[in-house]
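Overview (structure and organization)
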Amino acid sequence: MMPAIAVAVLWLAITAALLALAYRRELSAAWREPVLRAPVLILESDDWGYGPLLQAERLDRIADLLAGFQDAFERHPVATLGVVLAGPDTDRMRADECRTYHRLMLSDPSFAPVREAMLRGAARGVFALQLHGMEHFWPPCLMRSASNSPQIRQWLTGDRFPSTEDLPAPLQSRWIDASNLPSTALPADQVAAAAIEEVRAFATVFGAAPEVVVPATFIWTDAVESAWARAGVRVVVTPGLRNESRDAQGRVAAGERTYFNAATGAQGMSYVVRDCYLEPSLGHTHESTLHALRAKTRAGRPTLVEIHRLNFIGDERSVQHALDKVKLLLEAARAEFPAVRFMSTAELLRQCRDRSTLVERRWRARVHFFIRRLAGVSRLRKLAWATGAALPALLAYVLTRPRNLSPAEST
């Protein structure tokens with residue numbers, strides 16, 4: 001009997017060690033990422049700024065909706081606005097017959113209604129402004145493409161304030177040359193100069209430098225990140241990895257670098273993960289977003305929900321549909337998670353960095369959530385059960401279960 005037990009223990013020790021070696025990156029990330037003691041829900045909405053002036057009215061309606069909800073700390077839900085600071089001056093480009101790119105800044109008096117709507121929402125505590133980019137494209141690349149594309153020339157010279165959502169997807173990536181596919185790298189010195197320029201432009205428009213940046217189409221490079229850091233940006237919103245190119249079909253090519261919430265980079269930059277969606281115009285429902293909130297909360301992670309401007313600048317029917325879905329999500333989140341916390345992305349990172357009361361410090365609870373997170377790695381979970389290595393993890397999971405979990409968090 002004893003030899004059999006010894007063999008079983010040895011087998012479990014060896015298989016656990018091998019799995020730990022093979023999945024050491026996942027284990028390290030799961031342990032180092034802060035565990036949140038309450039659900040956190042943040043709406044992240046990109047592409048606002050340069051574009052149709054009807055944005056002002058749509059922003060006011062979003063602000064009114066968010067102001068109607070509060071968490072247990074009487075904080076309203078926050079929609080972060082990824083701001084695009086400039087676009088083509090179509091009047092000048094038309095007069096110039098599209099030979100030269102002419103920029104129109106968000107600081108131009110014509111955009112006053114949009115700027116004021118953003119600032120009104122920020123003053124009400126329902127908006128938080130984040131940098132998305134100077135333009136939602138790299139101007140020289142767009143101009144090269146325009147020389148061979150009547151559609152792009154029409155975009156540059158047609159509507160007074162065209163929507164960047166109407167551009168071909170590859171050209172909406174700002175930090176690569178996608179005028180020909182597969183994409184190629186831009187000169188590092190030009191990228192660095194442009195990154196610093198857009199941070200300064202944001203400060204000029206809004207009176208304060210941006211704390212958070214959301215790379216356009218989630219494609220960026222070391223050169224741009226380093227420049228952002230030197231200019232004072234402290235947080236990069238990621239989808240959990242960094243993309244650096246587009247393939248021959250124009251699709252985003254997944255990069256090798258991965259991130260977890262509150263991870264810190266070489267430049268002192270912090271990262272946050274946004275990989276949940278509520279895009280009613282694309283068929284994403286509030287039910288699927290609520291499911292993501294449950295999964296994130298179960299793992300002790302925040303839920304950052306992506307919902308682009310595209311959902312709010314269409315016709316009245318589509319706009320109301322998007323607003324209704326946001327309302328349904330907030331109602332369901334408050335009902336299912338009474339302890340849900342509303343805050344901005346910048347505040348979330350500050351609380352994680354400062355290890356506030358939102359962040360779990362008890363080692364037993366951290367072990368419990370560590371096992372939960374590892375169970376979410378599908379292949380690791382299957383291998384652990386197949387080899388028996390899951391048995392000691394299951395015992396540790398039971399023994400470390402926190403006593404103050406709500407029914408919704410413990411399922």
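Quick note: structure is the one above.
Structure report, in brief. Computed from a predicted structure; not experimentally measured. (Residues numbered from 1 in each chain as written. Predicted model: local features only at pLDDT ≥ 70, side-chain atom pairs only at ≥ 80, totals over all residues. Heavy atoms only, no water.)

1. Re the overall build of the protein
Each helix and strand counted, the protein has 16 helices and 13 strands in total. Taking 22 Å as the expected radius of gyration for a compact globule of 411 residues, we find that the protein reaches 23 Å, a close match to that expectation. In terms of principal-axis extent, the alpha carbons of the protein reach across some 90 × 45 × 35 Å. For the protein, the residues scored as buried account for 54% of the 411 residues in total. Intrachain contacts of the protein at a sequence separation of at least 6 include 74% that bridge at least 24 residues. Split by element, the accessible area of the protein, about 18,600 Å² in all, is 57% carbon and sulfur. (Helix = DSSP H or I, 4+ residues; strand = E, 2+ residues; numbered from the N terminus. Rg over C-alpha atoms; globule rule 2.2 N^0.38 Å. Buried < 20%, exposed > 50% of the residue type's maximum accessible area, 1.4 Å probe, protein only. Contact = heavy atoms within 4.5 Å. Areas by Shrake-Rupley, 256 points an atom, 1.4 Å probe, with all protein chains shown as cover.)

2. What about the nonpolar core?
Leu85 and Trp228 are the most contacted members of the largest nonpolar core, which has 73 residues in total. Listed in part, the 18 residues of the second largest apolar core include Val237, Val272, Ala346 and Leu349. (Core = buried A, V, L, I, M, F, W, Y, C linked by side-chain atoms within 4.5 Å.)

3. Some words on helix H8 (residues 188-206)
Its 19 residues give H8 an end-to-end C-alpha distance of 27 Å, which sits within 8% of 27 Å, the value for a rise of 1.5 Å per residue. Gly207 occupies a position one or two residues after H8 and carries a positive phi of about 85°. (Expected span 1.5 Å × (residues − 1).)

4. Looking at the layout of surface pockets
Rolled over the atoms, a probe as big as a water molecule pinpoints where empty space is left. Volume-wise, the largest pocket comes out at about 1,400 Å³. Lining the largest pocket are 48 residues, and of these Ala30, Arg373, Leu374, Ala375 and Val377 lie nearest its centre. Those elements giving two or more residues to the lining of the largest pocket turn out to be helix H1 (2-22), helix H2 (24-32), strand S10 (270-273), helix H10 (286-298), helix H13 (363-375), helix H14 (378-387) and helix H15 (390-399). The greatest single-element share of the lining of the largest pocket, amounting to seven residues, is contributed by H2. A per-class count over the lining of the largest pocket returns 31 nonpolar, six polar and 11 charged. As a volume, the second largest pocket reaches approximately 530 Å³. In terms of residue class, the lining of the second largest pocket is built from nine nonpolar, seven polar and seven charged. (1 Å grid on protein atoms, 1.4 Å probe; cavity = no way out; pocket = protein on both sides within 12 Å on 5 of 7 lines; lining within 4 Å. Points joined across faces, edges and corners; volume = space filled by probe spheres on them. Nonpolar A, V, L, I, M, F, W, Y, C, P; charged D, E, K, R; others polar.)

5. Some thoughts on the environment of Glu198
Within the secondary structure, Glu198 is located in helix H8. Residue Glu198 is classed as buried on the basis of its relative accessible area, which comes to 0%. The spacing of Glu198 and Glu360 is 162 residues in sequence and 36 Å in space, taken between C-alpha atoms. Beyond its immediate chain neighbours, meaning those up to four positions away, Glu198 contacts Leu85, Leu131, Gly133, Met134, Arg174, Trp175 and Trp228.

6. Some points on the state of the cysteines
All told, the structure shown has zero disulfides when counted by the stated rule. Its sulfur unpaired, Cys141 is 15 Å from the next cysteine sulfur, which belongs to Cys98. A disulfide-free cysteine, Cys352 has its sulfur positioned 15 Å from the sulfur of Cys276, the nearest such atom. (Disulfide = S-S within 2.5 Å.)

7. Let's talk about empty space enclosed by the protein
In total, this model carries one cavity of 30 Å³ or more according to the counting rule given. The space that makes up the largest cavity amounts to roughly 70 Å³. Going through the elements one at a time, strand S1 (40-49), helix H3 (55-67) and strand S2 (79-84) are the ones with two or more residues in the lining of the largest cavity. Among the elements that make up the lining of the largest cavity, the one with the highest residue count is S1 (three residues). Residue composition of the lining of the largest cavity, grouped by class: 10 nonpolar, one polar and no charged.

8. Considerations on the packing of H2 against H13
Orientation of H2 relative to H13, taken along the N-to-C sense of each, is 140°, at an axis distance of 9 Å. Regarding the angle of H2 to H13, the classification is oblique. Of the two possible hands of crossing, H2 and H13 adopt the one that is right-handed. Two secondary-structure elements touch here, H2 through Glu26, Leu27, Ala30 and Trp31 and H13 through Arg366, Val367, Phe370, Arg373 and Leu374. Counted by class, the contact of H2 with H13 contains six nonpolar, no polar and three charged residues. (Axes fitted to C-alpha atoms, helices over the stretch in contact; angles between N-to-C directions. Parallel < 35°, antiparallel > 145°, perpendicular 65-115°, else oblique. Left-handed = near helix turned anticlockwise from the far one by under 90°.)

9. What about H13?
Its 13 residues place the ends of H13 18 Å apart at the C-alpha level, agreeing with the 18 Å of an ideal helix rising 1.5 Å per residue. For H13, the full list of buried residues reads Ala365, Val367, His368, Phe369, Phe370, Ile371, Arg372, Arg373 and Leu374.

10. A short note on the environment of Ala192
Among the secondary structure elements, Ala192 is positioned in helix H8. Note on Ala192: relative accessible area 15%, which makes it buried.

11. What about the packing of H3 against helix H11 (residues 316-336)?
The interhelical angle for the contact between H3 and H11, taken along N-to-C directions, is 20°, at an axis separation of 10 Å. When the interaxial angle is binned, H3 and H11 end up roughly parallel. At the point where H3 passes H11, the crossing takes the right-handed sense. Here Arg58, Arg61, Ile62, Leu65 and Leu66 of H3 lie close against H11, whose contacting residues are Glu316, Val319, Gln320, Leu323, Val326, Lys327 and Leu330. Per-class residue counts for the contact of H3 with H11 are seven nonpolar, one polar and four charged.

12. Details of unusual backbone geometry
Each neighbour pair has its own omega, and for Leu181 with Pro182 the value is 0°, a cis peptide bond. Assignment of secondary structure puts Pro182 in the loop between helix H7 (150-157) and H8. Although it is not a glycine, Glu97 adopts a positive phi angle of roughly 55°. Structurally, Glu97 can be placed in the loop between helix H4 (90-95) and strand S4 (103-105).

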